[in-house]
Amino acid sequence: GAHGLAAAHYLAAEHGIHDVAVLEQRYIGHGGTGRNTAIIRSNYLLDGNEPFYEMSLKLWEGLEQDFNYNAMISQRGILNLIHSDAQRDAFTRRGNAMILNGADAVMLSTEQIKAEYPFLNVNNARFPIKGGLAQRRGGTVRHDAVAWGYARGADSRGVDIIQNCEVTGFRIEHGVCVGVETSRGFIGAKKVGAAVAGSSGRLMAKAGMRLPIESHVLQAFVTEGLKPCIDHVISFGMGHFYISQSDKGGLVFGGNLDFYASYASRGNLPMKEHVMEAAMTLMPMIGKAKVLRSWGGIMDMTPDGSPIIDRTLIDGLYLNCGWCYGGFKAVPASGYGFAHLLATDQHHATASKFRLDRFRSGRGLMDEEATGSQHNLH
């Protein structure tokens, strides 16, 4: 996946460590990397998260030059809509936090939204639009190209990418991880880093670890190709809905979790109905578009909605997981921070809050979900 490939790329490019193997159960980009809506942004609130995601957005901006591959980065801007006075207060606070951490943020009035986003049903009876928080540097990236680009960057620096190689267990001797058992034999290593998103709980159970994670399904949808009509990313928080238009013309949209734990990459009908209802409330014109397909991605959900990049209690075994709804936008900073941890045994400054022991101690929890951070843009 993108997180593992990014870590391998930065281990080689930033730390000069080339004796690296990336093990993929199927083929690169098969999991969450290829099953998301490809949105990038850094509109977070908490100090432990906002600098990290802003670093990630800065890395996105120079990524194509970094790994010499066209990732189709489109900074078309993202808009979070406001529907109540309380929501305006919350988004004003978040916008100020973004600016204080070096990100861009601007509050838009209803009249400005009417002018910039004429397709929105501003005066709808259920959720009238009273303004919005815009981040102009947000946007979308071609998700498959991110996996291919990082793979290209890592491979060109001597990293081995081994596909169709399933990790079946960890070899742990005297409390030290010395390698992994795979479907293609044992592979020894001084350090092992696990970055498998929604499969983290199942994989780490093979090392005798129980993670503070549940895996849930998040559905997404795409319509038939249309002429350009939506040139931004729109988040409709009150309806748990978001939408953008792909380069092929399809409207790509989704909603909230299906709210049941599962490892199946498929959704259910009630959530489909909810998402379609929200779409029609926000922009009635979408009712004319034919939905081509839907799919589900597996989210590794932590109790506080924030990720984990840390050493484990087993020497030589490191963990990168718990990305909840935010895994794709975090890829560059996640790979950079994980590579830094693997190379130096020290947390990168922007990832220093993503400790595993915060769930045991209760100290340092970053409850970004409770602050209304619109995690449902993944």
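As the structure is a computational prediction, the values presented were derived from the model and not from experiment.

### Focus on the packing of helix α1 (residues 2–15) against helix α9 (residues 331–344)
As a packed pair, α1 and α9 sit with axes 7 Å apart at the nearest point and diverge in direction by 55 degrees. Regarding the angle of α1 to α9, the classification is oblique. As α1 packs across α9, the resulting crossing turns out to be right-handed. Contacts between α1 and α9 involve Ala-2, His-3, Ala-6, Ala-7, Tyr-10, Leu-11, Glu-14 and His-15 from the first element and Val-331, Pro-332, Ser-334, Gly-335, Tyr-336, Phe-338, Ala-339, His-340, Leu-342, Ala-343 and Thr-344 from the second.

### Some words on the sheet that holds strand β18 (residues 317–321)
Taken together, the 3 strands give an open sheet; going across it, the order is β11-β18-β17, and neighbouring strands pair in mixed fashion. With one partner strand each, in any of the chains shown, β11 (192–194) and β17 (308–311) form the two edges of the open sheet. For this sheet, the mean angle separating the axes of adjacent strands, direction not counted, is 10 degrees. Sheet topology note: the β11/β18 ladder contains 3 bridges and is parallel. By the bridge assignment, Val-192 is partnered in β18 with Leu-317.

### A closer look at the pairing of strand β14 (residues 241–245)
Among the 5 residues of β14, 5 are classified as buried, and the element is accordingly described as predominantly covered. In this sheet, β14 lies alongside strand β13 (residues 233–236) in antiparallel orientation, the contact comprising 3 bridges. Counterpart to Phe-236 in the pairing with β14 is Phe-241. Between β14 and strand β15 (residues 250–261), which pair antiparallel and follow one another directly, the connecting turn spans 4 residues, one of which, Gly-249, has a positive phi of 100 degrees.

### Topic: the sheet that holds strand β9 (residues 176–182)
Pairing within the open sheet is antiparallel, and its 3 strands lie in the order β8-β9-β10. Of all strands in the sheet, those bounded by a partner on one side alone are β8 (167–173) and β10 (185–188). The sheet shows a mean angle of 30 degrees between the axes of neighbouring strands, taken without regard to direction. Taken together, the 6 bridges between β8 and β9 define a ladder with antiparallel strand orientation. Within the sheet, the bridge partner assigned to Glu-173 lies in β9 and is Val-176.

### Quick look at the environment of Trp-60
With respect to the element layout, Trp-60 can be found in helix α2 (residues 50–61). Classification of Trp-60 by relative accessible area gives buried; the value is 1%. Sequence separation between Trp-60 and Val-192 is 132 residues; the distance between their C-alpha atoms is 26 Å. Leave out the neighbours within four places in its chain, and Trp-60 touches Ile-40, Ile-73, Val-141, Val-146, Phe-328, Lys-329, Val-331 and Pro-332. Separated by 2.9 Å, the side chain of Trp-60 and the backbone oxygen of Lys-329 make a polar contact.

Definitions and cut-offs
- Residues numbered from 1 in each chain as written.
- Predicted model: local features only at pLDDT ≥ 70, side-chain atom pairs only at ≥ 80, totals over all residues.
- Heavy atoms only, no water.
- Axes fitted to C-alpha atoms, helices over the stretch in contact; angles between N-to-C directions.
- Helix = DSSP H or I, 4+ residues; strand = E, 2+ residues; numbered from the N terminus.
- Parallel < 35°, antiparallel > 145°, perpendicular 65-115°, else oblique.
- Left-handed = near helix turned anticlockwise from the far one by under 90°.
- Contact = heavy atoms within 4.5 Å.
- Pairing = 2+ DSSP bridges.
- Buried < 20%, exposed > 50% of the residue type's maximum accessible area, 1.4 Å probe, protein only.
- Polar contact = N/O pair within 3.5 Å; in protein donor to acceptor, adjacent residues only side chain to side chain.

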